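Structural features, examined
Residues per chain, in single letters:
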Amino acid sequence: MNKNSKIYVAGHRGMVGSAIYRALKKEGYHNLLTRSSSKVDLRNQVAVDKFFEEEKPEYVFLAAAKVGGIMANNTYRAEFLYDNLMIEANVIHAAYQHGVKKLCFLGSSCIYPKLAPQPLKEEYLLTGTLEQTNEPYAIAKIAGIKLCEAYRDQYGCNFISVMPTNLYGYGDNYHPENSHVLPALIRRFHEAKEAGLSEVVVWGTGTPKREFLFADDLAEACLFLMEHYNEKELVNIGTGEDISIGELAALVSDIVGYAGEIKFDTTKPDGTPRKLMDVSKLHALGWKHKTDLRAGIALAYEDFLQHHAKDILA
(Lines give C-alpha, C1' and ligand atoms only; values in the text may rest on other atoms or scores of the structure.)
Protein backbone atom coordinates (compact mmCIF):
# COMPACT_ATOMS: atom_id res chain seq x y z
CA MET A 1 0.00 0.00 0.00
CA ASN A 2 1.12 3.57 -0.64
CA LYS A 3 -0.32 6.77 0.81
CA ASN A 4 -2.44 7.35 -2.31
CA SER A 5 -3.87 3.81 -2.49
CA LYS A 6 -7.65 3.54 -2.50
CA ILE A 7 -8.42 1.57 0.65
CA TYR A 8 -11.87 0.28 1.59
CA VAL A 9 -12.56 -0.27 5.29
CA ALA A 10 -15.66 -2.47 5.51
CA GLY A 11 -17.33 -1.96 8.89
CA HIS A 12 -15.76 1.43 9.57
CA ARG A 13 -18.39 2.34 12.19
CA GLY A 14 -17.65 -0.66 14.37
CA MET A 15 -15.01 -0.77 17.07
CA VAL A 16 -12.51 -2.67 14.90
CA GLY A 17 -13.22 -0.89 11.62
CA SER A 18 -13.04 2.54 13.22
CA ALA A 19 -9.71 1.61 14.82
CA ILE A 20 -8.35 0.54 11.43
CA TYR A 21 -9.62 3.78 9.89
CA ARG A 22 -7.87 5.81 12.61
CA ALA A 23 -4.65 3.86 12.16
CA LEU A 24 -4.66 4.43 8.40
CA LYS A 25 -5.27 8.15 8.89
CA LYS A 26 -2.50 8.33 11.47
CA GLU A 27 -0.04 6.72 9.03
CA GLY A 28 -0.91 9.22 6.30
CA TYR A 29 -3.26 7.17 4.12
CA HIS A 30 -5.82 9.65 2.82
CA ASN A 31 -7.71 7.92 -0.01
CA LEU A 32 -9.99 5.98 2.32
CA LEU A 33 -13.31 4.52 1.24
CA THR A 34 -16.22 3.82 3.60
CA ARG A 35 -19.94 3.11 3.34
CA SER A 36 -22.48 2.66 6.11
CA SER A 37 -24.80 -0.36 6.01
CA SER A 38 -27.70 1.94 5.12
CA LYS A 39 -25.85 2.87 1.91
CA VAL A 40 -24.47 -0.57 1.00
CA ASP A 41 -25.93 -3.71 2.60
CA LEU A 42 -22.99 -6.10 2.49
CA ARG A 43 -25.41 -9.04 2.73
CA ASN A 44 -26.72 -8.06 -0.72
CA GLN A 45 -24.52 -9.45 -3.50
CA VAL A 46 -25.84 -7.09 -6.18
CA ALA A 47 -25.27 -4.03 -3.98
CA VAL A 48 -21.73 -5.11 -3.09
CA ASP A 49 -20.81 -5.85 -6.69
CA LYS A 50 -22.15 -2.47 -7.82
CA PHE A 51 -20.16 -0.72 -5.08
CA PHE A 52 -16.90 -2.42 -6.09
CA GLU A 53 -17.57 -1.74 -9.77
CA GLU A 54 -18.10 1.96 -9.13
CA GLU A 55 -15.38 2.58 -6.54
CA LYS A 56 -12.69 0.07 -7.54
CA PRO A 57 -10.81 -0.15 -4.22
CA GLU A 58 -7.22 -1.39 -4.40
CA TYR A 59 -7.03 -2.72 -0.83
CA VAL A 60 -9.73 -4.00 1.51
CA PHE A 61 -9.93 -4.47 5.28
CA LEU A 62 -12.92 -6.73 5.90
CA ALA A 63 -13.90 -5.81 9.46
CA ALA A 64 -17.67 -5.79 8.90
CA ALA A 65 -19.49 -8.49 10.87
CA LYS A 66 -22.45 -9.21 13.11
CA VAL A 67 -20.92 -9.60 16.57
CA GLY A 68 -22.02 -10.06 20.18
CA GLY A 69 -21.43 -11.86 23.46
CA ILE A 70 -22.51 -15.31 24.65
CA MET A 71 -26.22 -14.43 25.00
CA ALA A 72 -26.46 -12.77 21.58
CA ASN A 73 -24.54 -15.57 19.86
CA ASN A 74 -26.70 -18.23 21.47
CA THR A 75 -30.01 -16.41 20.89
CA TYR A 76 -29.59 -15.19 17.32
CA ARG A 77 -27.86 -18.28 15.95
CA ALA A 78 -29.35 -18.09 12.46
CA GLU A 79 -28.60 -14.38 12.09
CA PHE A 80 -25.01 -14.79 13.22
CA LEU A 81 -24.45 -17.56 10.69
CA TYR A 82 -26.35 -16.09 7.74
CA ASP A 83 -25.33 -12.44 8.06
CA ASN A 84 -21.63 -13.19 8.48
CA LEU A 85 -21.56 -15.77 5.68
CA MET A 86 -23.19 -13.33 3.28
CA ILE A 87 -21.00 -10.37 4.23
CA GLU A 88 -17.71 -12.20 3.78
CA ALA A 89 -18.75 -14.16 0.69
CA ASN A 90 -19.97 -11.05 -1.10
CA VAL A 91 -16.99 -8.86 -0.23
CA ILE A 92 -14.34 -11.51 -0.91
CA HIS A 93 -15.92 -12.49 -4.24
CA ALA A 94 -16.29 -8.86 -5.32
CA ALA A 95 -12.66 -8.20 -4.35
CA TYR A 96 -11.61 -11.03 -6.67
CA GLN A 97 -13.89 -9.96 -9.52
CA HIS A 98 -12.80 -6.34 -9.44
CA GLY A 99 -9.06 -6.87 -9.08
CA VAL A 100 -8.39 -5.87 -5.48
CA LYS A 101 -4.63 -6.12 -4.89
CA LYS A 102 -4.87 -7.36 -1.32
CA LEU A 103 -7.57 -8.10 1.25
CA CYS A 104 -7.32 -8.60 5.00
CA PHE A 105 -10.12 -10.71 6.50
CA LEU A 106 -10.67 -10.42 10.24
CA GLY A 107 -11.85 -13.58 11.95
CA SER A 108 -12.15 -14.45 15.64
CA SER A 109 -10.43 -16.64 18.21
CA CYS A 110 -13.68 -18.62 18.56
CA ILE A 111 -12.75 -20.48 15.36
CA TYR A 112 -10.61 -22.81 17.46
CA PRO A 113 -11.96 -25.99 19.08
CA LYS A 114 -13.43 -25.59 22.56
CA LEU A 115 -10.92 -27.94 24.17
CA ALA A 116 -7.89 -27.25 21.97
CA PRO A 117 -4.49 -27.23 23.68
CA GLN A 118 -3.39 -23.87 25.06
CA PRO A 119 -2.06 -21.55 23.83
CA LEU A 120 -3.99 -21.73 20.56
CA LYS A 121 -1.74 -22.27 17.56
CA GLU A 122 -2.90 -21.44 14.03
CA GLU A 123 -2.70 -25.09 13.00
CA TYR A 124 -5.34 -26.11 15.57
CA LEU A 125 -8.10 -24.92 13.24
CA LEU A 126 -10.62 -27.71 12.46
CA THR A 127 -9.05 -30.20 14.86
CA GLY A 128 -12.00 -30.53 17.25
CA THR A 129 -15.53 -29.57 18.30
CA LEU A 130 -16.40 -25.89 18.59
CA GLU A 131 -17.88 -24.15 21.64
CA GLN A 132 -21.64 -24.66 21.28
CA THR A 133 -22.75 -21.19 22.39
CA ASN A 134 -21.04 -19.42 19.49
CA GLU A 135 -20.75 -22.24 16.95
CA PRO A 136 -22.71 -20.44 14.16
CA TYR A 137 -20.46 -17.37 14.36
CA ALA A 138 -17.34 -19.53 14.46
CA ILE A 139 -18.46 -21.55 11.43
CA ALA A 140 -19.08 -18.35 9.49
CA LYS A 141 -15.61 -17.06 10.34
CA ILE A 142 -14.01 -20.39 9.41
CA ALA A 143 -15.82 -20.15 6.07
CA GLY A 144 -14.25 -16.70 5.57
CA ILE A 145 -10.77 -18.08 6.20
CA LYS A 146 -11.36 -20.90 3.75
CA LEU A 147 -12.75 -18.50 1.16
CA CYS A 148 -9.54 -16.47 1.34
CA GLU A 149 -7.46 -19.63 1.03
CA ALA A 150 -9.55 -20.96 -1.86
CA TYR A 151 -9.47 -17.71 -3.83
CA ARG A 152 -5.70 -17.64 -3.34
CA ASP A 153 -5.37 -21.28 -4.50
CA GLN A 154 -7.67 -20.98 -7.52
CA TYR A 155 -7.21 -17.38 -8.64
CA GLY A 156 -3.93 -16.27 -7.07
CA CYS A 157 -5.59 -13.59 -4.91
CA ASN A 158 -3.44 -12.07 -2.18
CA PHE A 159 -6.09 -12.46 0.52
CA ILE A 160 -4.85 -12.91 4.10
CA SER A 161 -6.73 -13.88 7.28
CA VAL A 162 -6.02 -12.64 10.79
CA MET A 163 -7.52 -13.99 13.99
CA PRO A 164 -7.86 -11.39 16.75
CA THR A 165 -8.30 -12.40 20.35
CA ASN A 166 -11.04 -10.78 22.49
CA LEU A 167 -11.12 -7.06 21.73
CA TYR A 168 -12.13 -3.91 23.59
CA GLY A 169 -11.61 -0.19 23.20
CA TYR A 170 -13.07 3.00 21.80
CA GLY A 171 -16.64 2.75 20.50
CA ASP A 172 -17.30 -0.64 22.09
CA ASN A 173 -20.79 -2.14 22.40
CA TYR A 174 -22.28 -1.65 25.88
CA HIS A 175 -25.68 -3.19 25.22
CA PRO A 176 -26.91 -4.94 28.41
CA GLU A 177 -27.59 -8.23 26.60
CA ASN A 178 -25.52 -8.27 23.41
CA SER A 179 -22.13 -6.96 24.59
CA HIS A 180 -18.93 -8.90 25.20
CA VAL A 181 -17.64 -9.57 28.69
CA LEU A 182 -15.28 -6.62 29.20
CA PRO A 183 -17.63 -3.80 28.08
CA ALA A 184 -20.45 -5.56 29.92
CA LEU A 185 -18.40 -5.42 33.13
CA ILE A 186 -17.53 -1.75 32.59
CA ARG A 187 -21.21 -0.88 32.23
CA ARG A 188 -22.31 -3.07 35.14
CA PHE A 189 -19.78 -1.71 37.61
CA HIS A 190 -20.40 1.87 36.51
CA GLU A 191 -24.16 1.50 36.97
CA ALA A 192 -23.63 -0.15 40.35
CA LYS A 193 -21.35 2.67 41.46
CA GLU A 194 -23.83 5.33 40.33
CA ALA A 195 -26.74 3.52 42.01
CA GLY A 196 -24.82 2.79 45.22
CA LEU A 197 -25.41 -0.98 44.94
CA SER A 198 -23.77 -3.22 47.52
CA GLU A 199 -22.97 -6.04 45.08
CA VAL A 200 -22.53 -6.83 41.38
CA VAL A 201 -23.37 -10.26 39.97
CA VAL A 202 -21.12 -11.64 37.22
CA TRP A 203 -22.11 -14.54 34.97
CA GLY A 204 -20.44 -17.92 35.51
CA THR A 205 -17.88 -19.15 37.98
CA GLY A 206 -15.22 -16.52 37.27
CA THR A 207 -12.64 -19.23 36.54
CA PRO A 208 -12.47 -19.19 32.70
CA LYS A 209 -9.42 -17.35 31.40
CA ARG A 210 -9.50 -14.86 28.54
CA GLU A 211 -7.03 -12.74 26.62
CA PHE A 212 -7.84 -9.12 25.75
CA LEU A 213 -6.35 -6.84 23.11
CA PHE A 214 -6.94 -3.10 22.75
CA ALA A 215 -8.63 -2.53 19.38
CA ASP A 216 -6.18 0.18 18.31
CA ASP A 217 -3.34 -2.30 18.80
CA LEU A 218 -5.21 -4.76 16.57
CA ALA A 219 -5.53 -2.06 13.91
CA GLU A 220 -1.78 -1.44 13.96
CA ALA A 221 -1.18 -5.19 13.63
CA CYS A 222 -3.51 -5.36 10.60
CA LEU A 223 -1.66 -2.52 8.88
CA PHE A 224 1.65 -4.20 9.68
CA LEU A 225 0.49 -7.49 8.15
CA MET A 226 -0.93 -5.79 5.07
CA GLU A 227 2.56 -4.37 4.52
CA HIS A 228 4.66 -7.38 5.49
CA TYR A 229 2.67 -10.64 5.23
CA ASN A 230 1.56 -12.35 2.02
CA GLU A 231 1.06 -15.99 2.95
CA LYS A 232 -1.92 -18.34 2.83
CA GLU A 233 -1.87 -19.36 6.50
CA LEU A 234 -3.87 -17.35 9.02
CA VAL A 235 -2.13 -15.28 11.69
CA ASN A 236 -3.18 -14.93 15.35
CA ILE A 237 -3.27 -11.41 16.76
CA GLY A 238 -3.20 -11.09 20.54
CA THR A 239 -1.08 -10.32 23.56
CA GLY A 240 -0.06 -13.85 24.55
CA GLU A 241 -1.29 -13.08 28.10
CA ASP A 242 -4.58 -14.01 29.75
CA ILE A 243 -6.57 -13.31 32.92
CA SER A 244 -9.43 -15.09 34.71
CA ILE A 245 -12.90 -13.53 34.50
CA GLY A 246 -12.82 -13.17 38.27
CA GLU A 247 -9.55 -11.26 38.14
CA LEU A 248 -10.88 -9.18 35.25
CA ALA A 249 -14.00 -8.27 37.22
CA ALA A 250 -11.85 -7.14 40.15
CA LEU A 251 -9.64 -5.08 37.80
CA VAL A 252 -12.61 -3.36 36.12
CA SER A 253 -14.22 -2.73 39.50
CA ASP A 254 -11.03 -1.04 40.69
CA ILE A 255 -10.66 1.14 37.56
CA VAL A 256 -14.32 2.18 37.65
CA GLY A 257 -14.10 2.93 41.35
CA TYR A 258 -16.80 0.53 42.54
CA ALA A 259 -16.36 -0.42 46.19
CA GLY A 260 -19.04 -3.13 46.61
CA GLU A 261 -18.89 -6.92 46.55
CA ILE A 262 -18.52 -9.10 43.44
CA LYS A 263 -20.60 -12.29 43.30
CA PHE A 264 -20.75 -15.01 40.63
CA ASP A 265 -23.92 -16.61 39.25
CA THR A 266 -22.76 -20.18 38.69
CA THR A 267 -26.06 -21.12 37.00
CA LYS A 268 -24.98 -19.09 33.95
CA PRO A 269 -22.66 -20.53 31.25
CA ASP A 270 -18.90 -20.04 31.36
CA GLY A 271 -18.20 -20.71 27.70
CA THR A 272 -14.80 -22.04 26.69
CA PRO A 273 -12.59 -22.77 29.76
CA ARG A 274 -9.60 -20.91 28.34
CA LYS A 275 -8.73 -19.00 25.18
CA LEU A 276 -5.13 -17.86 24.92
CA MET A 277 -3.59 -17.19 21.54
CA ASP A 278 -0.15 -18.40 20.54
CA VAL A 279 1.27 -15.21 19.00
CA SER A 280 4.80 -16.48 18.38
CA LYS A 281 4.22 -16.27 14.60
CA LEU A 282 3.22 -12.61 14.83
CA HIS A 283 6.10 -11.80 17.17
CA ALA A 284 8.53 -13.51 14.77
CA LEU A 285 7.24 -11.29 11.97
CA GLY A 286 8.18 -8.27 14.10
CA TRP A 287 4.99 -6.99 15.77
CA LYS A 288 4.01 -6.87 19.45
CA HIS A 289 1.13 -5.13 21.24
CA LYS A 290 1.74 -1.83 23.06
CA THR A 291 -1.22 -1.30 25.41
CA ASP A 292 -1.32 -3.24 28.68
CA LEU A 293 -4.70 -4.33 30.04
CA ARG A 294 -5.05 -1.87 32.93
CA ALA A 295 -4.12 1.11 30.74
CA GLY A 296 -6.42 -0.08 27.97
CA ILE A 297 -9.42 -0.55 30.27
CA ALA A 298 -8.83 2.93 31.70
CA LEU A 299 -8.92 4.36 28.15
CA ALA A 300 -12.06 2.37 27.35
CA TYR A 301 -13.79 3.55 30.55
CA GLU A 302 -12.90 7.15 29.74
CA ASP A 303 -14.47 6.67 26.30
CA PHE A 304 -17.52 5.06 27.93
CA LEU A 305 -17.96 8.06 30.22
CA GLN A 306 -17.66 10.53 27.34
CA HIS A 307 -19.85 8.81 24.76
CA HIS A 308 -22.08 6.17 26.37
CA ALA A 309 -22.77 6.75 30.06
CA LYS A 310 -25.27 9.60 29.60
CA ASP A 311 -27.41 7.63 27.16
CA ILE A 312 -27.40 4.55 29.38
CA LEU A 313 -28.40 6.41 32.53
CA ALA A 314 -30.93 8.69 30.84
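Residues numbered from 1 in each chain as written. Predicted model: local features only at pLDDT ≥ 70, side-chain atom pairs only at ≥ 80, totals over all residues. Heavy atoms only, no water.

With that settled, the discussion passes to helix 5 (residues 135-155). Its 21 residues place the ends of helix 5 29 Å apart at the C-alpha level, agreeing with the 30 Å of an ideal helix rising 1.5 Å per residue. Those residues of helix 5 not exposed but buried are Pro136, Tyr137, Ala138, Ala140, Lys141, Ile142, Gly144, Ile145, Cys148, Glu149, Tyr151 and Arg152. Elements that come into contact with the buried residues of helix 5 comprise helix 3 (70-75), helix 4 (77-97), strand 4 (102-106) and strand 5 (159-164). At the C-terminal side of helix 5, Gly156 shows a positive phi close to 75°. (Helix = DSSP H or I, 4+ residues; strand = E, 2+ residues; numbered from the N terminus. Expected span 1.5 Å × (residues − 1). Buried < 20%, exposed > 50% of the residue type's maximum accessible area, 1.4 Å probe, protein only. Contact = heavy atoms within 4.5 Å.)

Following both chains from N to C, one finds helix 6 (residues 181-195) and helix 10 (residues 293-307) inclined at 60°, their axes separated by 11 Å at the closest point. Considering the angle they form, helix 6 stands oblique to helix 10. Crossing angle aside, the handedness with which helix 6 passes helix 10 is right-handed. Here Leu182, Ile186, Arg187, His190 and Lys193 of helix 6 come into contact with helix 10, specifically with Leu293, Ile297, Ala300, Tyr301, Phe304 and Leu305. For the contact of helix 6 with helix 10, a count of residues per class yields 8 nonpolar, 1 polar and 2 charged. (Axes fitted to C-alpha atoms, helices over the stretch in contact; angles between N-to-C directions. Parallel < 35°, antiparallel > 145°, perpendicular 65-115°, else oblique. Left-handed = near helix turned anticlockwise from the far one by under 90°. Nonpolar A, V, L, I, M, F, W, Y, C, P; charged D, E, K, R; others polar.)

Take the sheet that holds strand 1 (residues 7-10) next. Here we have 6 strands laid out as an open sheet, ordered 2-1-3-4-5-10, and parallel in their pairing. Of all strands in the sheet, those bounded by a partner on one side alone are strand 2 (32-33) and strand 10 (235-237). In this structure, strand 1 lies alongside strand 3 (residues 59-62), joined through 4 bridges in parallel fashion. Among the inter-strand pairings, Ala10 is bridged to a residue of strand 3, identified as Leu62. (Pairing = 2+ DSSP bridges.)

Attention now moves to the side chain of Ser253. With respect to the element layout, Ser253 can be found in helix 8 (residues 245-256). For Ser253, a relative accessible area of 5% translates into the label buried. Among all residues touching Ser253, those that are not within four sequence positions of it are Phe189, Tyr258 and Ile262.

Turning next to the layout of surface pockets. Taken as a whole, the second largest pocket spans an internal volume of roughly 160 Å³. Around the second largest pocket, the lining residues are Lys3, Ala23, Lys26, Glu27, Tyr29, Glu220, Leu223, Glu227, Trp287 and Lys290. For the lining of the second largest pocket, the secondary structure elements donating two or more residues are helix 1 (15-26) and helix 7 (215-228). Looking at the lining of the second largest pocket, the element that brings in the most residues is helix 7, giving 3 residues. (1 Å grid on protein atoms, 1.4 Å probe; cavity = no way out; pocket = protein on both sides within 12 Å on 5 of 7 lines; lining within 4 Å. Points joined across faces, edges and corners; volume = space filled by probe spheres on them.)

A word on empty space enclosed by the protein. All chains considered together, the criterion is met by 1 cavity of 30 Å³ or more. The computed volume of the largest cavity comes to approximately 50 Å³. For the largest cavity, the full set of lining residues is Ser109, Cys110, Tyr112, Pro113, Lys114, Gln118, Leu120, Glu131, Asn134, Thr272, Arg274 and Lys275. Grouping the amino acids of the lining of the largest cavity by side-chain chemistry returns 4 nonpolar, 4 polar and 4 charged.

Reading across the sheet, the 3 strands line up as 11-8-13 and stay open at both edges, with mixed pairing between neighbours. Every other strand in the sheet has two partners, leaving strand 11 (243-244) and strand 13 (274-275) as the edge strands with one partner each. Here strand 8 (residues 209-210) pairs with strand 11 via 2 bridges, running antiparallel. Bridging from a neighbouring strand, Arg210 pairs with Ile243 of strand 11.

Per the counting criterion, the structure on display carries 13 aromatic pairs. Ring geometry for Phe80 versus Tyr137: centroids 6.1 Å apart, planes at 80°, classification edge-to-face. Placement of the pair is Phe80 in helix 4 and Tyr137 in helix 5, with a sequence separation of 57 residues. A relative accessible area of 2% places Phe80 in the buried class. Classification of Tyr137 by relative accessible area gives buried; the value is 10%. By way of ring pairs, the aromatic residues Tyr96, Tyr151, Tyr155 and Phe159 are connected into one cluster. We note Lys66 situated over the ring of Phe80; from NZ or CZ to the ring centre the distance is 5.5 Å. (Phe/Tyr/Trp six-rings, centres within 6.5 Å; stacked < 30°, edge-to-face > 60°. Lys NZ or Arg CZ within 6 Å of the ring centre and 35° of its normal.)

It is worth stressing that arrangement in space is one thing and function is another; only the former is reported here.
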